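# Chains, contacts and geometry: an overview
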Amino acid sequence: MAKQEKINLIDFQQKFSNEEACLQYLFQKRWPNGFQCPRCGHNRCYEITTRNLYECTRCHYQASVTAGTVTEKTHTKLMIWFWAIYLVAHDKRGRSATSISEELGVSYKTAWLMLQKIRKAMGDRDSQYMLSGIVELDDFFLGAPNEGGKRGSGTEKSLVLAGLSLNNQGYPLFLKMQVVSDVKGVTLAEFAHSVIGSGSKISSAAYRSYLKLAKEGFEHKPKDFDPKQNPDHLKWLHTVVSNAKAFIAGTFHGLDKKHLQAYLNEFCYRFNRRRFKGELFNRLLTCCLETPTVTFAELTL
């Protein structure tokens, strides 16, 4: 994504003080060179202010700035959407539906749905990129232990695969996480092919199932995990995983396993944009404008 305009809280409050300002900003985002009909490409239109639509003067197609975005057919004001996106973008701890509901004066259901749509935009954006270079790979469990249940792989916790790319100096770059049902060789191979570019070097623990990666076109360097003998092995990935667990436990109490992937997508999205201070609102808004919406029914099936 190209460099985005930086905006602080005062700028945000002044720039988006009413519904019309938000609508005009979306218009500029969608048609930076002026209106262009999605159907015939004509560049002139009539504005239907009562319905926030733009009618092409040639083919009379009625276009909306929210069509094809997470806000399509929303009954929530754009000002509230903008505030939700701003709050989510700038709080590294994440925002719960309860906090959004209380601060923006919407129902819990509305806040929850808005956040799920925003997380979908985050996940869709990151799905366009692959990890490359040196990639640390490992699995971990998420979730509180069941009362009286077994520990480790015998529990009903959620199993997650995580991949973290490093630069040539060994510092973290980008992160991917995916909820999986097991860590068999086939599952590991599918995850690696879906998130790691060819020619990358994978560093992992020397578990038997991970050895399949060498047969999948990756340069694989397994090593027994021993913090005393090899303190730098998977060091950064384990640090990031620890932060992910704190992120999930600290903000999203009682998280439904069904939606865990969406919350992991949010964590990865934040981590991958940790260097874009000041641009976070516009980056997330752009993601939301490029992502088709999802309905409450689809999320709760």
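Residues numbered from 1 in each chain as written. Predicted model: local features only at pLDDT ≥ 70, side-chain atom pairs only at ≥ 80, totals over all residues. Heavy atoms only, no water.

### Let's talk about the side chain of Thr66
As for its position among the elements, Thr66 is in the loop between β3 (62-63) and α3 (78-90). A distance of 2.9 Å separates polar atoms of two side chains, one belonging to Thr66 and the other to Ser64. Beyond its immediate chain neighbours, meaning those up to four positions away, Thr66 contacts Leu26, Arg30, Thr71, Glu72 and Leu78. (Helix = DSSP H or I, 4+ residues; strand = E, 2+ residues; numbered from the N terminus. Polar contact = N/O pair within 3.5 Å; in protein donor to acceptor, adjacent residues only side chain to side chain. Contact = heavy atoms within 4.5 Å.)

### What about the pairing of strand β2 (residues 53-56)?
Residues Leu53 and Glu55 line one face of β2 and the alternating positions Tyr54 and Cys56 line the opposite face, and both faces are buried. Of the strand pairs in this sheet, strand β1 (residues 45-48) and β2 are connected by 4 bridges, and their pairing is antiparallel. Counted as the bridge partner of Ile48 is Leu53 from β2. If you look at the hairpin formed by β1 and β2, you'll find 4 residues sitting between the two strands, and Asn52 has a positive phi there, around 55°. In this sheet, β3 lies alongside β2 in antiparallel orientation, the contact comprising 2 bridges. Bridge assignment links Tyr54 to a residue of β3, and that residue is Ala63. Hairpin geometry of β2 and β3 is characterised by an intervening segment of 5 residues between the two adjacent antiparallel strands and by a positive phi of about 65° at His60. (Buried < 20%, exposed > 50% of the residue type's maximum accessible area, 1.4 Å probe, protein only. Pairing = 2+ DSSP bridges.)

### Here's the deal with the environment of Lys3
Within the secondary structure, Lys3 sits in the segment before α1 (9-15). Owing to a relative accessible area of 68%, Lys3 belongs among the exposed residues under this scheme. The spatial distance from the C-alpha of Lys3 to the C-alpha of Leu175 is 20 Å, given a sequence separation of 172 residues.

### With respect to the sheet that holds strand β8 (residues 219-223)
Taken together, 5 strands build an open sheet; the order of strands is β6-β5-β4-β7-β8 and the sheet is mixed. Sheet topology places β6 (172-180) and β8 at the edges, where each strand pairs with a single neighbour. Mean inter-strand twist for the sheet, computed between neighbouring axes without regard to direction, equals 25°. Here strand β4 (residues 134-142) pairs with strand β5 (residues 158-166) via 9 bridges, running antiparallel. Across the sheet, Glu136 pairs through a bridge with Leu164, a residue of β5. In the packing of helix α8 (residues 260-272) onto the sheet, contacts are made with β4, β5 and β6, and the angle to β6 comes to roughly 175°. (Axes fitted to C-alpha atoms, helices over the stretch in contact; angles between N-to-C directions.)

### Quick look at helix α9 (residues 280-289)
When you tally the buried positions in α9, you get 10 out of 10 residues, the bulk of the element. Among the residues of α9, those classed as buried are Leu280, Phe281, Asn282, Arg283, Leu284, Leu285, Thr286, Cys287, Cys288 and Leu289. Summarising the contacts, the buried residues of α9 are in contact with α1, α2 (19-30), α3, α5 (108-126) and α8.

### Description of the nonpolar core
Generally speaking, nonpolar side chains in soluble globular proteins are found buried as a group. Residues Phe82, Ile118, Leu175, Met177, Phe281 and Leu284 are the most contacted members of the largest nonpolar core, which totals 68 residues. Here this core gets 10 residues from one element, more than from any other, and that element is α3. Not counting residues up to four positions away in its chain, the partners in contact with Phe82 are Phe12, Phe16, Cys22, Tyr25, Leu26, Phe281 and Leu285. Membership of the second largest hydrophobic core comes to 15 residues, among which are Leu137, Ala192, Tyr210 and Leu213. (Core = buried A, V, L, I, M, F, W, Y, C linked by side-chain atoms within 4.5 Å.)

### Observations concerning the packing of aromatic side chains
Under the definition given, this model contains 19 aromatic pairs. Summarising the aromatic geometry, the rings of Trp31 and Tyr54 are spaced 6.0 Å apart at their centres and angled 80° between planes, so their arrangement reads as edge-to-face. One end of the pair, Trp31, is in the loop between α2 and β1; the other, Tyr54, is in strand β2, with 23 residues separating them in the sequence. A ring pair is formed by Phe82 and Phe281, whose centres lie 5.9 Å apart and whose planes are at 55°; its orientation type is tilted. Placement of Phe82 in helix α3 and of Phe281 in helix α9 is noted, with a sequence separation of 199 residues between them. Through a chain of ring-to-ring contacts, three or more aromatic side chains come together here, namely Phe12, Phe16, Tyr25, Phe82, Trp83, Tyr86 and Phe281. For the cation-ring pair, Arg274 lies above Phe271, with the distance from its terminal atom to the ring centre recorded as 4.0 Å. (Phe/Tyr/Trp six-rings, centres within 6.5 Å; stacked < 30°, edge-to-face > 60°. Lys NZ or Arg CZ within 6 Å of the ring centre and 35° of its normal.)

### Some points on the packing of α5 against α8
At a minimum axis separation of 8 Å, α5 and α8 run at an interaxial angle of 60°. If you check the angle between α5 and α8, you find them oblique. In this structure, α5 meets α8 at a crossing whose hand is left-handed. On α8, the residues touching Trp112, Gln116, Arg119, Met122, Gly123, Arg125 and Asp126 of α5 are Ala262, Tyr263, Asn265, Glu266, Cys268, Tyr269 and Asn272. (Parallel < 35°, antiparallel > 145°, perpendicular 65-115°, else oblique. Left-handed = near helix turned anticlockwise from the far one by under 90°.)

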